[in-house]
Amino acid sequence: MCLFSAEDNNLTPLNYDDTFAYGCLHGIPIPNTTLDTSFTPEEEKAVLMEIFNQTGGLNWYNKSHWGNNSVSHCLWYGITCEHTNRSVISIYLNSNNLIGTLPRSLWKLRNLQGVCIASNVGLQGNVGHILSANMTSMLRVCLSFNELTGRIPGEILVKMKSLVKIQLCCQKEEGLFGEIPNDIGNLTDLQVLSLGENKLNGSIPKSIRKLRKLWFLDLETAEHLNSGIENVFN
């Protein structure tokens with residue numbers, strides 16, 4: 001991937017730690033605000049089972065405790081919960097042989113802060129059906145190196161105000177297409193933006209200048225971006 005520091009006007013490639021780039025859940029905090037209890041732990045568990053059933057869970061490399069009704073869903077492989085209310089706060093299923101599509105019901109996990117479901121080459125579906133503007137607690141999303149399709153969901157991303165990391169790069173086969181959202185600069189906490197090896201077009205928007213915390217930018221093979229590189233460094 002093509003990774004540059006937003007502070008480096010000479011476009012010097014970053015030497016970065018793979019465990020940081022792909023260990024997307026580092027630093028996920030236990031929520032210190034009032035939890036959203038719109039959905040019960042049992043309803044959240046049902047959403048997790050939709051993930052399992054729709055992505056060939058029986059063939060996952062690691063499916064420890066999944067579907068075992070005698071074990072709390074908070075102890076299932078890759079799941080982290082807030083301890084008091086058992087609300088799901090993160091999902092980590094990287095490189096776990098997920099095949100199929102993620103359910104549209106992820107938005108029901110109202111306290112979800114991190115989703116890392118990358119490097120599952122059989123994982124398909126429209127990225128705009130996975131993410132939701134209701135995901136207001138989300139800090140980190142890594143859905144890279146799958147087979148997702150569809151338009152870059154700009155109208156959704158810019159409403160996920162808490163985002164620190166968004167990685168949608170490197171989709172196999174058709175990949176994602178469309179423009180970098182004009183209002184990407186509204187995500188003022190964003191540190192990592194990875195959209196490379198997709199079919200991006202248009203220009204890099206002026207609002208990207210507002211991303212003062214951005215240090216990891218991936219727009220590799222975005223040959224159809226026709227202007228705006230100056231906006232990264234002004």
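None of these values were measured; they are calculated from a predicted model.

Definitions and limits used
Residues numbered from 1 in each chain as written. Predicted model: local features only at pLDDT ≥ 70, side-chain atom pairs only at ≥ 80, totals over all residues. Heavy atoms only, no water. pLDDT = per-residue confidence, 0-100. Helix = DSSP H or I, 4+ residues; strand = E, 2+ residues; numbered from the N terminus. Contact = heavy atoms within 4.5 Å. Salt bridge = Lys/Arg side-chain N within 4 Å of Asp/Glu carboxyl O. Buried < 20%, exposed > 50% of the residue type's maximum accessible area, 1.4 Å probe, protein only. Expected span 1.5 Å × (residues − 1). Arc of directions from axis to C-beta. Phe/Tyr/Trp six-rings, centres within 6.5 Å; stacked < 30°, edge-to-face > 60°. Disulfide = S-S within 2.5 Å.

A word on the confidence of the model for the chain. With 81% of its residues at a pLDDT of 70 or more, the chain shows a mean pLDDT of 84. Here helix H1 (residues 18-22) stands out as the element of the chain with the lowest mean pLDDT, 37, in contrast to strand S4 (residues 99-101), whose mean of 98 is the highest. Confidence over residues 1-22 falls short of pLDDT 50; this stretch has 54 contacts with residues more than four positions distant or in other chains.

Taken as a whole and judged by the stated rule, the model has 2 salt bridges. As a salt-bridge pair, Asp36 and Arg110 come within 3.5 Å of each other at their nearest N and O atoms. Taken together, the positions of Asp36 in the loop between H1 and helix H2 (41-54) and Arg110 in the loop between S4 and strand S5 (114-116) put the pair 74 residues apart, joining distant regions of the chain. Classification of Asp36 by relative accessible area gives partly exposed; the value is 24%. Residue classification places Arg110 among the buried residues on the basis of a relative accessible area of 16%.

Since there are 3.6 residues in each turn of an α-helix, residues three or four apart along the chain are aligned in direction. Given a rise of 1.5 Å per residue, 14 residues ought to cover 20 Å, and the 20 Å separating the end C-alpha atoms of H2 matches this to within 8%. Listed as buried for H2 are Pro41, Glu44, Lys45, Val47, Leu48, Ile51 and Phe52. Buried positions in H2, seen along its axis, are confined to an arc of 155° and lie on one side of it. On its buried face, H2 sits against strand S2 (79-81) and strand S3 (88-92). Note on H2: the residue one or two positions beyond its end, Gly56, has a positive phi of about 65°.

Quick look at the packing of aromatic side chains now. Counted by the stated rule, this structure contains 6 aromatic pairs. Arranged with centres 5.1 Å apart and planes meeting at 75°, the rings of Phe52 and Trp60 form a pair that is edge-to-face. On the accessibility criterion, Phe52 (7% relative accessible area) is buried. Here Trp60 falls in the buried class, since its relative accessible area comes to 3%. Seen in terms of ring centroids, Trp60 and Trp66 are 4.9 Å apart; in terms of plane orientation they differ by 75°. Their pairing is edge-to-face. With respect to class, Trp60 is no different from Trp66; both count as buried. Three or more aromatic residues link up through ring pairs in this structure, and these residues are Phe52, Trp60, Trp66 and Trp76.

This part covers unusual backbone geometry. With a phi angle near 50°, Ser95 is a residue other than glycine that sits in the positive phi range. Positionally, Ser95 belongs in the loop between S3 and S4. For Ser95, a relative accessible area of 43% corresponds to the partly exposed category. Even without a glycine there, the phi angle at Phe145 is positive, about 60°.

A few words on the state of the cysteines. A full pass over the atoms with the stated rule returns 1 disulfide. Sulfur-sulfur distance for the disulfide between Cys74 and Cys81 comes to 2.2 Å. One disulfide, between Cys74 and Cys81, carries an S-S torsion of -90° and so falls in the left-handed class. Pair check on accessibility: Cys74 and Cys81 agree, each one buried.

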